[in-house]
Amino acid sequence: MKVSHSFILGYVFAAAMTLMEQGVSQATPASSSNSGASLLGNFKQFNSAPDQVIYGSLARVQYQCSRPCELAVEVVVPTQQNTSLVVFRRKWISRKHHQVPRIHQVQFSFPPSIVYKQDFFIRHVFDTKSAIMHAWLNHLNDNETSTYDGSVVKAHKVLQTVPLSVHPTKPPTGCLSWSAGLMWQLTRDRIYQCPHETGTINMLKFPLASTGEGFGVVCKFQPFISRDLERARLHAVKQPNVTMSVWLYLLEWCHRGLCGIIHHVNRDNEYSFLMHLTNAGDVIIQARLTTGRDQAFQSHAALPRWTWIRLDCYIQQSKVTLDTTWDGETRTHAFDFQDNVHCDDTSGYFVIGGGRYLPALHGYFGAIKYYRFGTKQVENPLFRKNTLENLDKAHHECHEIKGFTATFLQGVYPGSNSGEISSSLYFISGFCNLHYITMWNKSRQPVCRQTWTWETQLKYRALFCFLRKQEEDLKIRLWGSNALRHLGRRLFEHAVGGMVRMVSKQIRLTSTDIDLLRVSSCFGNHQASLLLAAIHLAGLGRSVDQQQGHVYSLIGASADNRLALMHIGYKHTQGIDGFPKDHDMAYSYYANVGAQSIVDSQRIQEEKQYLPEQICLNNMEDLNGFADETSDAFQFLKFQAERGDVAPQKLLGKILLWGRNGASKDVASAMRWIVRSARRMDDPTIVYDYAILLLKGQGVKKNLTLGYQLLEKAAAMGSVHALNGLGWYCSAILKDHRTAVKYYEQAALNGSEDGMFNLGVYHLSGNNPDNPQRNEMAAFQLFLNASSFGHVAASVEAAWYLSTGCLEGVSRDVERAVIMLKKVCESNGHLGYIIREALKAYLQGSQGQALVKYAMAAEAGLGLAQTNVAHLFEEWKLSNDCQWRYYNHSTLNYDSHLHSLLKMGDYYYSSANRHEASLSSAGQAISMYSRAAVAGSPQGMYNLAALAQEGHVLPRSTRDFFNVSPHDTLETLLEKILQRCVAAEDKDAVTPCSLALLRVQMGNALRKMTQNGAQLLLAYASVLSLIIIIITVLVQLGLVLLQMTNEQRDNNHLAVEARTRTLSVNQAEVNWNTMQDNMMRRWGTVSRTCRVAMTLWLTILNGEQRLRQTSELAVTVSGVCLCAFWTTLLYHLL
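Residues numbered from 1 in each chain as written. Predicted model: local features only at pLDDT ≥ 70, side-chain atom pairs only at ≥ 80, totals over all residues. Heavy atoms only, no water.

Our focus in this paragraph is the overall build of the chain. When its secondary structure is counted, the chain shows 40 helices and 23 strands. Sequence-distant contacts, at least 24 apart, represent 63% of the contacts inside the chain between residues at least 6 apart. Accessible area for the chain stands at about 59300 Å²; split by element, carbon and sulfur atoms hold 54% of it. (Helix = DSSP H or I, 4+ residues; strand = E, 2+ residues; numbered from the N terminus. Contact = heavy atoms within 4.5 Å. Areas by Shrake-Rupley, 256 points an atom, 1.4 Å probe, with all protein chains shown as cover.)

As a further point, take the pattern of salt bridges. Going through the model one piece at a time under the given rule, you end up with 27 salt bridges. Arg 356 serves as the salt-bridge partner of Glu 797, at 2.6 Å between the closest nitrogen and oxygen. Taken together, the residues span a long stretch of sequence, with Glu 797 in helix α27 (residues 792-804) and Arg 356 in the loop between β20 (349-352) and β21 (362-371) at a distance of 441 residues. Here Arg 562 makes a salt bridge to Asp 600, at a shortest N to O gap of 2.8 Å. On the criterion of sequence distance, the pair formed by Arg 562 in helix α15 (residues 562-574) and Asp 600 in helix α16 (residues 583-601) is long-range, its members being 38 residues apart. Look at Asp 600 and you get buried, because its relative accessible area is 4%. One connected set of salt bridges, linked through shared partners, spans Glu 230, Arg 233, Asp 344, Asp 345 and Arg 372. (Salt bridge = Lys/Arg side-chain N within 4 Å of Asp/Glu carboxyl O. Buried < 20%, exposed > 50% of the residue type's maximum accessible area, 1.4 Å probe, protein only.)

Throughout the structure, instances matching the rule amount to 4 disulfides. What pairs with Cys 65 in a disulfide is Cys 69, and their sulfur atoms sit 1.9 Å apart. Around the S-S axis, the bridge from Cys 65 to Cys 69 shows a dihedral of about 60° and counts as right-handed. The buried category is assigned to Cys 65, whose relative accessible area is 3%. For Cys 69, a relative accessible area of 0% translates into the label buried. With its sulfur 2.0 Å from that of its partner, Cys 398 forms a disulfide with Cys 522. Every disulfide takes its handedness from the sign of the S-S torsion; for Cys 398 and Cys 522 that torsion is -75°, giving left-handed. Placement of Cys 398 in helix α5 (residues 385-412) and of Cys 522 in helix α12 (residues 511-522) is noted, with a sequence separation of 124 residues between them. (Disulfide = S-S within 2.5 Å.)

Let's shift gears to the confidence of the model for the chain. On average, residues of the chain score 80 in pLDDT, and 79% of them reach the 70 mark or higher. Long-range and interchain partners of residues 1-40, a stretch whose pLDDT sits below 50, account for 33 contacts in this model, where long-range means more than four residues apart. Considering only residues more than four positions removed or in separate chains, one finds that residues 416-442, a stretch of pLDDT under 50, has 43 contacts. (pLDDT = per-residue confidence, 0-100.)

Structurally, the position occupied by Asn 592 is in helix α16. Note on Asn 592: relative accessible area 3%, which makes it buried. In this structure, the C-alpha to C-alpha distance between Asn 592 and Arg 562, residues 30 residues apart in sequence, is 8.3 Å. Each residue touching Asn 592, except ones within four places of it in the same chain, is listed here: Thr 211, Glu 213, Phe 215, Asp 560 and Leu 565. A distance of 3.3 Å separates the side chain of Asn 592 from the side chain of Glu 213, its partner in a polar contact. (Polar contact = N/O pair within 3.5 Å; in protein donor to acceptor, adjacent residues only side chain to side chain.)

What follows concerns the side chain of Thr 307. Mapped onto the secondary structure, Thr 307 falls in the loop between β16 (294-299) and β17 (308-316). Take Thr 307: its relative accessible area is 15%, and that puts it in the buried class. Setting aside its immediate chain neighbours within four residues, Thr 307 contacts Leu 248, Tyr 249, Leu 250, Asp 327 and Asp 392.

Take Leu 831: it is sitting in helix α29 (residues 829-843). In this structure the C-alpha to C-alpha distance between Leu 831 and Ala 857, which are 26 residues apart in sequence, comes to 7.1 Å. Once residues within four sequence positions are removed from consideration, Leu 831 is found in contact with Leu 563, Met 566, Cys 825, Glu 826, Ala 857 and Leu 862.

Moving on: the nonpolar core. If you look at the biggest cluster of nonpolar residues, it comprises 236 residues, and the most contacted ones within it are Met 203, Ile 261, Leu 303, Ile 352 and Phe 365. Not counting chain neighbours up to four residues away, the residues in contact with Met 203 comprise Cys 219, Phe 221, Ile 262, Phe 350, Ile 352, Ile 368 and Tyr 370. Judged by nonpolar contacts, the second largest core, of 30 residues, contains Val 75, Val 77, Val 87 and Phe 88. (Core = buried A, V, L, I, M, F, W, Y, C linked by side-chain atoms within 4.5 Å.)

Okay, the packing of aromatic side chains next. All chains considered together, the criterion is met by 29 aromatic pairs. A ring pair is formed by Phe 780 and Tyr 801, whose centres lie 5.7 Å apart and whose planes are at 70°; its orientation type is edge-to-face. A residue pair is termed long-range when its members are at least 10 positions apart, and Phe 780 in helix α26 (residues 776-787) and Tyr 801 in helix α27 qualify at 21 residues. Tyr 801 shares its class with Phe 780; the two are buried. Geometrically, the ring pair formed by Phe 961 and Phe 962 is edge-to-face, given 5.0 Å between the ring centres and 80° between the ring planes. Here Phe 962 falls in the buried class, since its relative accessible area comes to 3%. (Phe/Tyr/Trp six-rings, centres within 6.5 Å; stacked < 30°, edge-to-face > 60°.)

Of the two faces of β16, only the one carrying Gln 295, Phe 297 and Ser 299 is buried; Asp 294, Ala 296 and Gln 298 on the other face are not. For strand β15 (residues 283-288) and β16, the ladder comprises 6 bridges, and the chain directions are antiparallel. The partner of Ile 284 across the bridge, within β16, is Gln 298. Between the antiparallel neighbours β15 and β16 lie 5 residues, among them Gly 292 with a positive phi of about 95°. (Pairing = 2+ DSSP bridges.)

The next thing to look at is the sheet that holds strand β11 (residues 217-219). Strand order across the open sheet formed by 6 strands is β11-β20-β13-β14-β15-β16, with antiparallel pairing between neighbours. Only two strands of the sheet have a single neighbouring strand rather than two, namely β11 and β16. Strand-to-strand, the axes of this sheet are offset by a mean angle of 20°, without reference to chain direction. (Axes fitted to C-alpha atoms, helices over the stretch in contact; angles between N-to-C directions.)

What follows covers α12. Between its terminal C-alpha atoms α12 stretches 17 Å, which fits the 16 Å expected from 12 residues at 1.5 Å a residue. For α12, every residue scored as buried is listed here: Asp 513, Ile 514, Leu 516, Leu 517, Val 519, Ser 520, Ser 521 and Cys 522. Following α12 by one or two positions, Gly 524 has its phi on the positive side, about 95°. (Expected span 1.5 Å × (residues − 1).)

Let us now look at a nonpolar patch on the surface. Taken together, the side chains of Trp 178, Leu 182, Met 183 and Leu 186 present a nonpolar region at the surface, about 500 Å² in accessible area. Relative to the helices and strands, Leu 182 resides in helix α3 (residues 178-187). (Patch = residues over 30% accessible without salt bridge, like charges linked within 9 Å, V, L, I, M, F, W, Y side chains within 5 Å.)

With that settled, the discussion passes to helix α25 (residues 753-765). Each α-helix winds once per 3.6 residues, and so residues spaced three or four apart point in a common direction. Relative to the 18 Å expected for 13 residues at 1.5 Å per residue, α25 spans 18 Å between its end C-alpha atoms, a close match to the ideal helical length. Within the sequence span of α25, burial applies to Glu 753, Gly 755, Met 756, Phe 757, Asn 758, Leu 759, Gly 760, Tyr 762, His 763 and Leu 764. For α25, the elements touching its buried residues are α23 (720-732), α24 (737-749), α26 and α27. Once α25 ends, the next one or two residues include Gly 766, with phi positive near 75°.

Time to look at the packing of helix α14 (residues 546-558) against α15. Running from N to C, α14 and α15 point in directions that differ by 130°, and their axes come no closer than 7 Å. Judged by the inter-axis angle, α14 sits oblique to α15. The element α14 and its partner α15 pack so that their crossing is left-handed. Along the contact surface, α14 presents Ser 553, Leu 554, Gly 556 and Ala 557, while α15 presents Ala 564, Leu 565, His 567 and Ile 568. A class-by-class count of the residues in the contact of α14 with α15 yields 5 nonpolar, 3 polar and no charged. (Parallel < 35°, antiparallel > 145°, perpendicular 65-115°, else oblique. Left-handed = near helix turned anticlockwise from the far one by under 90°. Nonpolar A, V, L, I, M, F, W, Y, C, P; charged D, E, K, R; others polar.)

The subject of this paragraph is the environment of Asn 888. One can find Asn 888 in helix α32 (residues 880-891). Exposure remark for Asn 888: the relative accessible area of 26% places this residue in the partly exposed category. Between the C-alpha atoms of Asn 888 and Gln 866, which are 22 residues apart in sequence, the distance is 8.8 Å. Setting aside residues no more than four positions away along its own chain, Asn 888 makes contact with Met 904 and Tyr 908.

Take a look at the structure:
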């Protein structure tokens, strides 16, 4: 009975437990279709489980396996991406078959981001309302991976999570530093938001001047950060819905058949979309279809010139619609391609204007918008409307001025061919031959031939007055195809010659000067355009007018003027004077000048090309080195060369060939000296130069055979450039590419930049017989290495790869490309000519000419010119604002001039002193001095030491430059800075840095001495010794003075007695009796006085002797103390 009762009670208890477990969990059997295993005897369920996600909670799992099995428990939480994240998982294996169910206890350990509050170590927490606990069972011999979905038996339970507001704080495991804790307190409540993304892209931030060449603005689009937007974009690649809106201003139609408006190049360097302009003003649109074929259509739009036009292109799958709008009227052109257009805007890059293999239109680009997901209504108004309207007005005025000038010139020179003048002036209006012309020809009398209105003459009165003054000269001048350019040059010279008038320390420009410069700009002299831009942007003699400055900047750049292109590129690089900072636009301008510099470098012997010389006007040594052919230095060098000295012959040849050191170019004389020095065959460099001249036939008769022999001779003597020359000869003359590549490789390995570039060209073209495959990466690396040596063509090529990012493995770095091109452009010979003319004008005392030319070069971004023009403003006490403007602009360059850095540092330091609370000014002063110090300026280092001593904190980068650790004291900081300063100064001179360093070291030594008691006592004894020596010297000096006084008194007494003896004898006899009586009376008194004086004198002599002995003893003791003191001091100093 007891046994049966026990069995019944156990059965009832088991049934009760089963019912309770059914309320806790659900067990779901699952069958395996692969193994066909029976589910009999397999079950798993939760015996007990928590209701919430709590760290350290326990779950009891009851299971029974019919054979060896693997069991698992996991907890998953949902995420915002509609996925599940496993935050806990525990597995175990049961290898025995048990007849009764078993229970396994599982303790949960969740990640801190699920359980605890956000703190310094737990930056991101999960905000979820629920979690699901899974449990499953799988047999061990199943081939499937053990997962919840593929298990034999599984169970689950929903757990509630604790709200974030009541999450417990994790117990601290360490202590934060004060700074880290403060930063956490300041940033812990910051709400991080996803970056704003839009499908509308403004491709231009500022109007773009297009010269009609292949130098456009590169735009590269990035994928969306948002997954939804990126998914939609990828879907639209083969089903596109894209809209482009472009503003144009045409100066002329395409002169090369087809000119690029905008195009896209994919990652395979193939055109996927193009919008062309024809020579008739029509628009051609070409697209790559999803089938891989290219298809195009032409819209007969007949775009007009000299007006703003908007092109709106809609691409909707296979349909393309083009809307052209000008003068308030819209015309629509539509075409349906055979298949959908393939449009992947992140593959490759877009180009606005011309590209590497496609010329651009000649004109301007306004606002350009790109809608990545299309739009029904384009919102693209003409941005910077006032500037662009003034630009249009300036061009229309130019046409009027040309017509007015054409009429005047035909009246002055009626015998000329009107067609010739028409082709020169491009535009003639309002002129008809009168009967009076015949009369004028017959009588040769001046006849009024005015065919323009009085209003026109008043409007252009400055030009009219100039033409009237030059009328006689114009009559005898034969006008050709460059008539307007010649006239524009004369207008510019006339305006510049009298435009700078220095009155009351200010620059005054008359309206006539400005009008003549505008006319000169219209006639194609775009130095006038650059000068007008400088006047309006910098406020040279007039108030600042950025809109007019932008207008003439664009006009000069559109005319392909080198300095104007550099000017607008520099403004976009720095983002100053109202130009937005945009390296893509800066690259397009600098790339143009870089390409021109390649051609200019091959024509450097031209009259108006000189290598830029780095001469600063505040450096007298540089100015004294700039001398012409009449200087004593040049004549002495010429004397040495004529005497037969080889070194002067080489130097004189280079000076005359390149026009250096102020000498004018004289190619014939330079060739003569180079040939004379090369015939000695002792210098490989001069032999190589002579060989190149023979190969090119430059200055000497062309001789390929002798040139090749000299190249071999120079290469054998060790000339690296001769190896490159041999490679060129084998490639260009012998057509032996295999040998040429070998020579180029040898030259490149030995550091020849020309050899690196030529070898890169072989890699790029694939003309190497041993390696015929194109290797752009190898070519890019060679171009990059050659550019570091200043190679012009290599810099242009490497910059193109950096700007486009089209080469796999090379990241896009437009800023680096701009810096590379800026270096190349600043070595251009035409810029060097401007600098040379400015320097000559300064040395000749022509203030206006020097200021204008330096200002033009400064506006082009040349740091040396900016420093010099600022120095001129400072020296001549002109505009203070312009002075600091150009000093500041010079500091913005990548290679800032030291003088400008120091000047701006002084400016900010003085500003900080005037405004005691201006910490930013002091920080900027430290920044300027730090940059100067890093560049090697002792003055900058000295100023940094002075600021540090005043209590200013130097930045970490500056301290690292001087090897100063955070634990070093102020004295150590000062000593390290001043030591570096002394090393940078002249070692043979006593300089401020050396004196300051001595003071710091003396202070450190004295400070160390005072820290030791014995040494401190020695210091006090030395001071006392100095005092004793001083007193002793003073006493001895007093004794000497006393002795000298007594001797002087005795001498005076003897002199009186001598004069007394010289009295006449008669007088002596008369007075003899009287004197005898008096002497007898006084003899007793005198004898007594003498005895007293002798006694006193002996006493003084004895005291003086004792005092002298005491002084000598004191001096000896003081000398010993001082020797010990200075020995100890020198020990601490050393």
